[in-house]
Amino acid sequence: MAQSQGKVYIVGGGPGDPELLTLKAKSVIESADVIIYADSLVHPSIVDFAKPGAEVHGSKTLNLSEIMELTLESVRQGKTVARIQSGDPSIYGAVLEQMRILEEAQVDYEIIPGVSAAFAAAARLKVELTIPGGSQTVIMTRAQGRVSMPPGEQLKDLAAHGSTLVIFLSITRMFTVVRQLLEAGYTESTPVAVVYRVGWPDEKIIRGTLSDIAAKVRDAKITLQALIMVGEAMDPALLHHVPTTANGVSSSHLYASDYTHLYRRAEGESSDVEEGSSVDGGQ
Ligand SMILES: C[S@@+](CC[C@H](N)C(=O)[O-])C[C@H]1O[C@@H](n2cnc3c(N)ncnc32)[C@H](O)[C@@H]1O
């Protein structure tokens with residue numbers, strides 16, 4: 001009788017701290033027969049959840065065909081494969097090419113989301129990436145390097161929006177990043193945070209502004225695995241005062257007592273709230 005095929009799970013391994021794995025990711029790792037994990041970015045303690053006898057492979061020295069050969073060979077033997085990527089697989093996870101091969105081979109697969117380093121960094125910095133009265137948009141991007149950026153997606157184009165920027169894969173180009181952001185209209189005083197290896201024991205957080213962050217990063221000798229987070233949202237002073245803004249909105253409506261939305265009426269308001277009059281959650 002032909003052996004039934006196994007399944008592949010592409011798992012978001014989070015930023016490093018194993019406690020930031022989702023329960024689903026943990027249970028997939030616990031039951032997988034084969035684990036292939038991105039050992040350059042995923043914390044090795046994640047593999048401690050593997051069952052006894054599971055085959056464990058680091059993928060940092062493997063190329064795509066080697067990874068996929070190992071994956072397909074394992075599923076064809078009826079095994080469950082956990083392919084663990086750093087953070088969330090949908091952000092610079094190079095999963096599309098893996099999914100194409102799985103589709104072509106008609107292999108059953110599922111993606112388990114993970115905590116992106118972007119959100120782990122925001123949590124460590126104690127910032128809200130979307131600030132009421134300030135930027136309501138977060139752009140996740142990278143600087144042009146060996147990988148060229150499509151037209152309209154150069155840092156200078158994206159920076160023109162003045163949004164919160166989360167810049168991946170670019171720490172080695174810190175001085176260029178700063179120059180391009182300044183040329184695009186961010187000011188020297190724009191707050192910036194660089195978060196190195198968030199969730200790892202040697203995590204480092206460097207705060208500054210566009211005027212001094214590049215030198216601070218150089219002095220700290222940070223040359224890999226870091227995020228550059230830019231914009232007013234990174235201003236630690238926001239935790240202690242409410243800025244006055246052009247449109248007068250400086251705090252979220254969500255829990256404001258004078259704001260009516262689908263699930264709650266403003267204090268003193270008596271009429272029924274029609275569904276259409278709500279905003280999306282009232283924020
Ligand atoms: C290939 S991308 C993977 C991103 C990942 N999928 C995510 O959602 O976080 C690798 C880049 O993500 C960022 N990164 C990944 N893990 C990180 C961590 N623990 N701390 C800071 N930055 C990290 C760095 O910019 C690094 O160069």
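Keep in mind it's a predicted model, so treat the numbers as computed, not measured. (Residues numbered from 1 in each chain as written. Predicted model: local features only at pLDDT ≥ 70, side-chain atom pairs only at ≥ 80, totals over all residues. Heavy atoms only, no water.)

A.B. asks: So, the packing of helix α2 (residues 64-76) against helix α3 (residues 96-104): which residues are in play, and what are the values?
C.D. replies: In a packed pair of helices, the relevant descriptors are the angle between the two axes and the axis-to-axis distance. Put simply, α2 and α3 touch, their axes get as near as 11 Å, and they point 40° apart. The orientation of α2 relative to α3 falls into the category oblique. The two elements α2 and α3 cross, and the hand of that crossing is right-handed. Note on element contacts: α3 touches α2 through E97, Q98, I101 and L102, opposite L64, M68, T71 and L72. Of the residues that constitute the contact of α2 with α3, the class distribution is five nonpolar, two polar and one charged. (Axes fitted to C-alpha atoms, helices over the stretch in contact; angles between N-to-C directions. Helix = DSSP H or I, 4+ residues; strand = E, 2+ residues; numbered from the N terminus. Parallel < 35°, antiparallel > 145°, perpendicular 65-115°, else oblique. Left-handed = near helix turned anticlockwise from the far one by under 90°. Contact = heavy atoms within 4.5 Å. Nonpolar A, V, L, I, M, F, W, Y, C, P; charged D, E, K, R; others polar.)

A.B. asks: Go over the sheet that holds strand β7 (residues 164-168), please, and point to the residues and values.
C.D. replies: Taken together, the five strands give an open sheet; going across it, the order is β6-β7-β10-β8-β9, and neighbouring strands pair in mixed fashion. Each of the sheet's edge strands pairs with one partner strand only, and the pair in question is β6 (138-142) and β9 (204-209). Each neighbouring strand pair of the sheet contributes to a mean axis angle of 20°, computed without reference to strand direction. Looking at chain direction, strand β8 (residues 191-196) and strand β10 (residues 226-230) are connected through five bridges and run antiparallel. Bridge assignment links V194 to a residue of β10, and that residue is I228. The strands touched by helix α4 (residues 117-125) within the sheet are β6, β7, β8, β9 and β10, with β10 carrying the most contacts at an inclination of about 65°. (Pairing = 2+ DSSP bridges.)

A.B. asks: Describe the site of the ligand, listing the residues and the values that go with them.
C.D. replies: Taken together, 18 residues form the shell around the ligand, and within it D88, I91, A117, V198 and A226 come nearest. Between a nitrogen atom of the ligand and a main-chain N or O atom of V198, the distance comes to 2.8 Å. Within the complex, the protein chains bury 92% of what would otherwise be the 560 Å² of accessible surface of the ligand. Grouping the constituent residues of the shell around the ligand by class yields 12 nonpolar, four polar and two charged. (Near = heavy atom within 4 Å. Polar contact = N/O pair within 3.5 Å; in protein donor to acceptor, adjacent residues only side chain to side chain. Areas by Shrake-Rupley, 256 points an atom, 1.4 Å probe, with all protein chains shown as cover.)

A.B. asks: Provide a residue-level description of helix α6 (residues 174-184), including the pertinent values.
C.D. replies: Restricting attention to buried positions, one finds in α6 the residues M174, V177, V178 and L181. Along α6, the residues classed as buried sweep out an arc of 95° about the axis, all on the same side. Directly beyond the C-terminal end of α6, a positive phi value near 120° is found at G185. (Buried < 20%, exposed > 50% of the residue type's maximum accessible area, 1.4 Å probe, protein only. Arc of directions from axis to C-beta.)

A.B. asks: Give me the lowdown on the nonpolar core, citing residues and values where you can.
C.D. replies: The biggest cluster of nonpolar side chains holds 25 residues, and the ones touching the most others in it are M174, L181, V194 and I228. When contributions to this core are tallied by element, the ones reaching two or more residues are α5 (155-159), β7, α6, β8, α7 (213-219) and β10. With residues up to four places along the chain from it excluded, the contact list for I228 reads L165, V166, I167, S170, I171, M174, V177, V192, A193 and V194. Residues L125, F168, A193 and M229 belong to the second largest nonpolar core, which totals 17 residues. (Core = buried A, V, L, I, M, F, W, Y, C linked by side-chain atoms within 4.5 Å.)

A.B. asks: Tell me what's going on with helix α1 (residues 23-31), and back it up with residues and numbers.
C.D. replies: Of the positions making up α1, those classed as buried are A25, V28 and I29. Here the buried residues of α1 occupy an arc of 100° about the axis, which is enough to place them on one side. Those residues of α1 that are buried are in contact with β1 (7-12), β2 (34-37), β4 (81-85) and β5 (108-112).

A.B. asks: Tell me about the packing of aromatic side chains, and please be specific about residues and values.
C.D. replies: Using the criterion set out here, one finds one aromatic pair in the structure. Between Y92 and F168, the aromatic rings sit 5.4 Å apart at their centres with planes inclined by 55°, giving tilted as the arrangement. Taken together, the residues span a long stretch of sequence, with Y92 in the loop between β4 and α3 and F168 in strand β7 at a distance of 76 residues. A relative accessible area of 10% means that F168 is categorised as buried. The positively charged end of R142 is found above the aromatic ring belonging to Y92, 5.7 Å away from the centroid. (Phe/Tyr/Trp six-rings, centres within 6.5 Å; stacked < 30°, edge-to-face > 60°. Lys NZ or Arg CZ within 6 Å of the ring centre and 35° of its normal.)

Just geometry here; none of it tells us what the structure is for.
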